[in-house]
Amino acid sequence: MAKITYIDTEGTARTIEGEVGSTVMETAIKNNVPGIEAECGGACACATCHVYVEEAWQAAVGQPSPMEEDMLDFGYDVRPNSRLSCQIKVTDALDGSVVRTPERQA
């Protein structure tokens, strides 16, 4: 298990244990984290699970694939640290990681 903290635009933090092998999006959906809609169910076919990865965790999370970058074009307020949470696998290396949700999803 890896603890992931989700911070919404109001500044409310929710720390949740994610199962290794699942995704940051699946963990959020299973735990009713507000701000992550996941309309496509994790197929990397929309941008409704968009998150901002805190700088300290960007290396552990890795870079987006070309397909993910294409989908991020549909996101709201995309930044250099934007990722689709459906594409971030939970690993032991993510224990303590922090992601923020955007003001709204696309």
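A. View of the nonpolar core. With 27 residues, the main nonpolar core has Tyr 6, Val 24, Ile 36, Leu 84, Ile 88 and Val 99 as its most contacted residues. If you list the elements that add at least two residues to this core, you get β1 (2–7), α1 (24–30), β3 (50–53), α3 (66–72) and β5 (97–100). Counting residues per element, this core draws most heavily on β1, which supplies four residues. When neighbours within four sequence positions are excluded, Val 24 is seen to be in contact with Ile 4, Tyr 6, Ser 85, Ile 88, Val 90, Leu 94 and Val 99.

B. Expanded view of the sheet that holds strand β2 (residues 13–18). In space, the five strands of this open sheet follow the order β2-β1-β5-β3-β4, with mixed pairing throughout. Looking along the sheet, the strands with just one partner apiece sit at the ends: β2 and β4 (82–84). Strand-to-strand twist across the sheet, computed as the mean angle between neighbouring axes with direction ignored, equals 35°. Where β1 meets β5, four bridges bridge the pair, whose relative direction is parallel. In the sheet register, Ile 7 faces β5, and the bridge partner there is Arg 100.

C. Region of the structure containing the pattern of salt bridges. Scanning the entire structure with this criterion turns up four salt bridges. Residue Arg 14 is joined to Asp 8 by a salt bridge in which the shortest nitrogen-to-oxygen separation is 3.2 Å. Linking Glu 54 and Arg 100 is a salt bridge whose minimum nitrogen-to-oxygen distance equals 2.7 Å. Placement of the pair is Glu 54 in the loop between β3 and α2 (58–61) and Arg 100 in strand β5, with a sequence separation of 46 residues. Its relative accessible area of 34% is what places Arg 100 among the partly exposed residues.

D. Representation of the packing of aromatic side chains within the structure. Within this structure, the stated rule accounts for zero aromatic pairs. Between Arg 79 and the ring centre of Tyr 52, over which it is positioned, the NZ or CZ distance is 4.1 Å.

E. Looking closely at the side chain of Thr 48. Relative to the assigned elements, Thr 48 resides in the loop between α1 and β3. On the basis of relative accessibility, which here comes to 2%, the residue Thr 48 falls in the buried class. Residues contacting Thr 48, with those up to four places away along its chain left out, are Ile 36, Glu 37, Ala 38, Glu 39, Gln 105 and Ala 106.

F. View of the environment of Glu 69. Within the element layout of this structure, Glu 69 appears in helix α3. Note on Glu 69: relative accessible area 42%, which makes it partly exposed. Measuring from C-alpha to C-alpha, the distance between Glu 69 and Cys 44 comes to 9.9 Å, with 25 residues separating the pair along the chain.

G. Looking closely at the pairing of β5. With two bridges joining them, β3 and β5 adopt antiparallel strand pairing. Paired with Tyr 52 across the bridge in β5 is Arg 100.

Reading guide: rules and limits
Residues numbered from 1 in each chain as written. Predicted model: local features only at pLDDT ≥ 70, side-chain atom pairs only at ≥ 80, totals over all residues. Heavy atoms only, no water. Core = buried A, V, L, I, M, F, W, Y, C linked by side-chain atoms within 4.5 Å. Buried < 20%, exposed > 50% of the residue type's maximum accessible area, 1.4 Å probe, protein only. Helix = DSSP H or I, 4+ residues; strand = E, 2+ residues; numbered from the N terminus. Contact = heavy atoms within 4.5 Å. Pairing = 2+ DSSP bridges. Axes fitted to C-alpha atoms, helices over the stretch in contact; angles between N-to-C directions. Salt bridge = Lys/Arg side-chain N within 4 Å of Asp/Glu carboxyl O. Phe/Tyr/Trp six-rings, centres within 6.5 Å; stacked < 30°, edge-to-face > 60°. Lys NZ or Arg CZ within 6 Å of the ring centre and 35° of its normal.

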